[in-house]
Structure formats: structure tokens, C-alpha cells
There are 2 protein chains.
Amino acid sequence: MRTGEAAVLEAHGIKPSAQRVAIADYVLHTDEHPSADEVWERVKRVFPMVSRATVYNTLNLFVAKGLLRHLVLTEGRLVFDSNVDKHHHFIDEETGKIYDLPWDTLEVSRVEQLKGFDVRDYQVLVRGKKRRTRGAR
Amino acid sequence: MRTGEAAVLEAHGIKPSAQRVAIADYVLHTDEHPSADEVWERVKRVFPMVSRATVYNTLNLFVAKGLLRHLVLTEGRLVFDSNVDKHHHFIDEETGKIYDLPWDTLEVSRVEQLKGFDVRDYQVLVRGKKRRTRGAR
DNA sequence: TCTAAACTTAGACTATGTCTAATGTATGAG
DNA sequence: CTCATACATTAGACATAGTCTAAGTTTAGA
Ligand SMILES: [Mn+2]
Ligand SMILES: [Mn+2]
Ligand SMILES: [Zn+2]
Ligand SMILES: [Zn+2]
């Protein structure tokens with residue numbers, strides 16, 4: 001377990017129970033965009049007694065407190081994103097994997113001038129196939 | 001019922017049963033981005049005996065034949081879009097309603113130059129609140 | 001130590017979508 | 001026209017994701 005995880009939770013007004021720290025320890029540090037049940041599977045490895053309800057409750061609590069965002073991008077899965085800054089997403093249509101695209105790699109023009117809509121937020125959703133990166137990963 | 005719906009289905013290699021024509025008659029002409037169960041509710045008004053399985057089968061068939069697209073935009077609902085041309089989407093966060101944004105109202109720069117990704121398709125997903133349009137609708 | 005609030009748990013419940021087995025319908029060969 | 005066959009439809013079972021509930025456990029303060 002990473003040290004300091006409890007402090008992060010407290011700083012966001014969350015009581016750091018053992019279960020919550022174990023969940024945070026995984027979900028706040030991954031870029032895998034996991035679903036709730038994937039988080040549950042992962043957390044059970046180090047905390048076998050944790051219940052499904054606690055994982056769902058905790059993830060929803062983290063979203064409410066601004067530690068996570070949830071995204072609806074692929075069929076039948078609500079996924080959680082530890083990157084709470086503005087960014088875009090790329091979905092590999094073969095693997096289903098979701099990749100972050102930093103905000104300034106793309107630029108969207110005229111979005112603030114949409115007539116009849118008050119824009120609160122936007123992102124570009126790109127689909128395709130990720131190229132195999134030589135060597136690494 | 002609109003005339004000519006059966007011909008549209010046949011042109012796409014689909015046998016125009018009465019159920020399929022009734023489904024097409026609604027879903028190919030709405031801009032409401034309905035879910036499958038919403039299509040079922042609607043079609044039952046004019047075809048009370050239609051089964052849920054037939055509606056799901058038919059919608060999936062229409063997608064396979066290119067008459068519809070399905071979109072994953074909001075939690076727990078796969079919605080169907082009769083607009084199969086490239087376009088963006090606006091989601092009203094209060095009502096959940098989905099609005100089409102024509103392709104050329106927005107412009108995305110640098111999307112083809114993403115390093116390491118083969119882009120097949122993309123869209124901008126905008127969230128916010130739709131302003132009340134004076135008068136109409 | 002005692003109490004109350006907060007948290008966790010197992011499992012029931014709901015909603016969306018798929019699958020299956022039986023029944024119904026269209027079609028064309030004879 | 002008859003009937004065999006393929007295709008379509010149906011009701012309901014099944015699968016999965018997510019929420020809710022009621023009971024038990026932990027925590028922290030008086
Ligand atoms: Mn951390
Ligand atoms: Mn038509
Ligand atoms: Zn992300
Ligand atoms: Zn659309």
C-alpha cells in the first residue's frame with residue numbers, strides 16, 4: 001500500500017477506512033479506465049473480503065468528491081477515470097482499451113459559439129486502432 | 001404508416017415484415033435518439049403484439065445493414081441514431097436529451113496527426129444545457 | 001465504557017440486453 | 001393447390017451491471 005493515500009482521502013472530506021484506502025490505492029493511480037467490477041476484482045486480490053457494494057459505493061463517493069470522473073464510452077460499462085483534468089479519449093475498437101489524449105493535442109473550433117446551447121464541457125471521442133509501439137510496454 | 005418504407009428495407013437487403021416496417025416507420029424518422037425499450041413502447045402503440053425480442057433483433061439488424069447507428073452516450077442506455085452521416089452530439093445534462101450537431105458547426109484540428117493511433121472515426125461530445133428556444137417546439 | 005453515527009456486508013432487486021425453444025408465416029417446387 | 005422448408009416472431013429464461021436494504025461491525029467521542 002502506498003503511504004499518504006489516507007491523507008489524500010481526508011483532504012477531500014472522506015474518512016479513510018481500510019477498504020477505501022485499498023480501493024484508492026488502485027483506482028487513483030491507474031490509467032486503465034477500469035469498470036467498477038474490474039476495480040472489485042483488483043481490490044479483492046489484496047483485500048479478499050471487500051464487498052461489491054462497498055466498491056460501488058466508494059467509487060461513487062470518489063466521483064462525488066472530485067477524485068474520479070466516470071465516463072460512458074463503451075457498451076455496457078461505466079468506467080472510472082483518475083485523470084480529472086480536461087482531456088480527450090481514444091478507443092481502440094479491437095481491444096476496447098481507452099487511451100487518454102492530452103487536451104492540447106487536439107483543438108476544437110467554434111464550440112463556444114453553438115447557438116442555443118450553454119456548453120459546460122466537451123471532449124473529442126476518437127475511435128480506431130492503436131499502433132503497436134515498438135519496444136516499450 | 002408511411003408508404004415506401006418496405007422499399008427502403010428491401011433496398012438494404014431486409015425482408016419487410018409487418019413488424020419491421022412498423023419499427024422502421026418510427027425509428028428511421030425520429031431525431032429523438034431512442035433506446036431499444038423506447039422504440040418498443042412506441043411501436044406497441046400501433047402494433048400491440050410486437051415482442052421485445054423482435055424489436056431488439058430488428059434494431060440490431062438495421063444497424064448491421066447500415067440503416068441506423070447505435071451510440072453509447074448516456075449511462076445504461078444504448079441509443080439508436082437514424083442519422084448515419086458524420087455529426088457531433090450535444091447532451092442536455094438536465095433532461096438527458098441528445099441533440100445532433102451538424103458536422104460543419106465544429107472543426108477539430110490535428111486529429112489525423114495523432115501519433116501512434118490509426119483514426120477511423122471521431123466526434124465531439126458536448127455537454128451542457130439547451131437553451132429554451134423562444135416560441136417554437 | 002457506552003453510545004450513536006458511519007461504514008461494510010450479503011443478498012435481494014431492477015433494468016438492459018441476449019438467447020432459446022416453440023410457434024407462426026411466406027414462398028416456391030412439384 | 002399442397003406442402004416442405006427457410007425465415008421470422010414470440011414468451012420467457014438467462015446474463016450482467018448497478019442500486020438498495022437490512023443487519024452486523026467499526027469508529028470515535030462523551
Ligand atoms: Mn496517491
Ligand atoms: Mn422512410
Ligand atoms: Zn481518461
Ligand atoms: Zn445523432
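Computed from a prediction, not measured in an experiment: that's the story for all the values here.

Draft legend 1. Main features of the relation of the copies chain A and chain B. With an RMSD of 0.1 Å, chain A superimposes on chain B once it is rotated by 180 degrees and translated 0.1 Å along the axis. Here the copies are linked by what is in effect a two-fold axis. The overlap is high: 100% of the interface residues of chain A also sit at the interface in chain B, so the same surface is used on both sides.

Draft legend 2. Examining the sheet that holds strand β4 (residues 98-102) of chain A more closely. An order of β4(A)-β3(A)-β6(A)-β6(B)-β3(B)-β4(B) is seen for the 6 strands of this open sheet, with the pairing classed as mixed. Of all strands in the sheet, those bounded by a partner on one side alone are β4 of chain A together with β4 (98-102) of chain B. Sheet twist, expressed as the mean angle between neighbouring strand axes with direction ignored, is 30 degrees. Pairing geometry for strand β3 (residues 87-92) of chain B and β4(B), over 5 bridges, is antiparallel. Its bridge partner lying in β4(B), B:His87 is registered against B:Pro102.

Draft legend 3. The arrangement of the interface of chain A and chain B in detail. Each partner contributes residues to the interface: chain A has 35 residues there, and chain B has 35 residues. When chain A packs against chain B, close to 3,300 Å² is buried across both sides, 54% of that on carbon and sulfur atoms. Counting across the chain A and chain B interface gives 6 salt bridges. Across the pair A:Glu107 and B:Arg110 runs a salt bridge whose closest N-O atoms are separated by 3.8 Å. Here chain A is connected to chain B by 20 residue pairs in polar contact (both at pLDDT 80 or more). Elements with a contribution of two residues or more to the side of chain A that touches chain B: β1 (69-74), β4, β5 (107-109) and β6 (117-130) of chain A. Looking at the side of chain A that touches chain B element by element, the count peaks at 14 residues for β6(A). Broken down by class, the residue content of the side of chain A that touches chain B amounts to 16 nonpolar, 7 polar and 12 charged. Sheet analysis places β6(A) next to strand β6 (residues 117-130) of chain B, joined by 13 bridges and oriented antiparallel. Opposite A:Phe117, over in β6(B), you have B:Lys130 as the bridge partner.

Draft legend 4. Broad picture of the protein's contact with DNA strand C. Taken together, 18 residues surround DNA strand C, and among them A:Ser17, A:Gln19, A:Thr54, B:Arg52 and B:Leu78 come closest. Backbone atoms, meaning sugar and phosphate, make up 73% of the atoms of DNA strand C lying within 4 Å of the protein. Taking A:Ser51, its main chain carries an N or O atom lying 2.9 Å from a phosphate oxygen of DNA strand C. Here a base nitrogen of DNA strand C and a side-chain polar atom of B:Arg52 are 2.7 Å apart. Of all the secondary-structure elements, those providing two or more residues to the surface near DNA strand C are α2 (18-27) and α4 (52-64) of chain A together with α3 (36-46), α4 (52-64) and β2 (77-81) of chain B. Among the elements that take part in the surface near DNA strand C, α4(B) stands out by supplying 4 residues, more than any other. When the residues that make up the surface near DNA strand C are grouped by side-chain class, the tally is 7 nonpolar, 6 polar and 5 charged.

Draft legend 5. Highlighting unusual backbone geometry. A positive phi angle is found at A:Arg110, which is not glycine, with a value near 75 degrees. Turning to its location among the elements, A:Arg110 is positioned in the loop between β5 and β6.

Draft legend 6. Fine view of the protein's contact with DNA strand D. The immediate surroundings of DNA strand D are formed by 16 residues, with A:Arg52, B:Ser17, B:Met49, B:Ser51 and B:Thr54 found nearest. Atoms of DNA strand D within 4 Å of the protein: sugar and phosphate make up 76%, bases the balance. At 3.1 Å from a phosphate oxygen of DNA strand D is found a main-chain nitrogen or oxygen belonging to A:Leu78. The leading source of residues in the surface near DNA strand D is α4(A), at 4 residues.

Draft legend 7. Layout of the packing of helix α3 (residues 36-46) of chain A against α4(A). Residue and element names in this part refer to chain A. Running from N to C, α3 and α4 cross one another at 120 degrees; their axes reach a closest spacing of 9 Å. When the interaxial angle is binned, α3 and α4 end up oblique. Where α3 crosses over α4, the handedness of that crossing is right-handed. Across the interface between the two elements, Ala36, Asp37, Val39 and Trp40 of α3 pack against Arg52, Val55, Tyr56 and Leu59 of α4. For the contact of α3 with α4, the per-class residue count stands at 6 nonpolar, no polar and 2 charged.

The rules behind these values
Residues numbered from 1 in each chain as written. Chains lettered and ligands numbered in written order. Predicted model: local features only at pLDDT ≥ 70, side-chain atom pairs only at ≥ 80, totals over all residues. Heavy atoms only, no water. Least-squares fit on C-alpha atoms with pLDDT ≥ 70 in both. Contact = heavy atoms within 4.5 Å. Pairing = 2+ DSSP bridges. Helix = DSSP H or I, 4+ residues; strand = E, 2+ residues; numbered from the N terminus. Axes fitted to C-alpha atoms, helices over the stretch in contact; angles between N-to-C directions. Buried area = accessible area lost by both parts, 1.4 Å probe. Salt bridge = Lys/Arg side-chain N within 4 Å of Asp/Glu carboxyl O. Polar contact = N/O pair within 3.5 Å; in protein donor to acceptor, adjacent residues only side chain to side chain. Nonpolar A, V, L, I, M, F, W, Y, C, P; charged D, E, K, R; others polar. Near = heavy atom within 4 Å. Parallel < 35°, antiparallel > 145°, perpendicular 65-115°, else oblique. Left-handed = near helix turned anticlockwise from the far one by under 90°.

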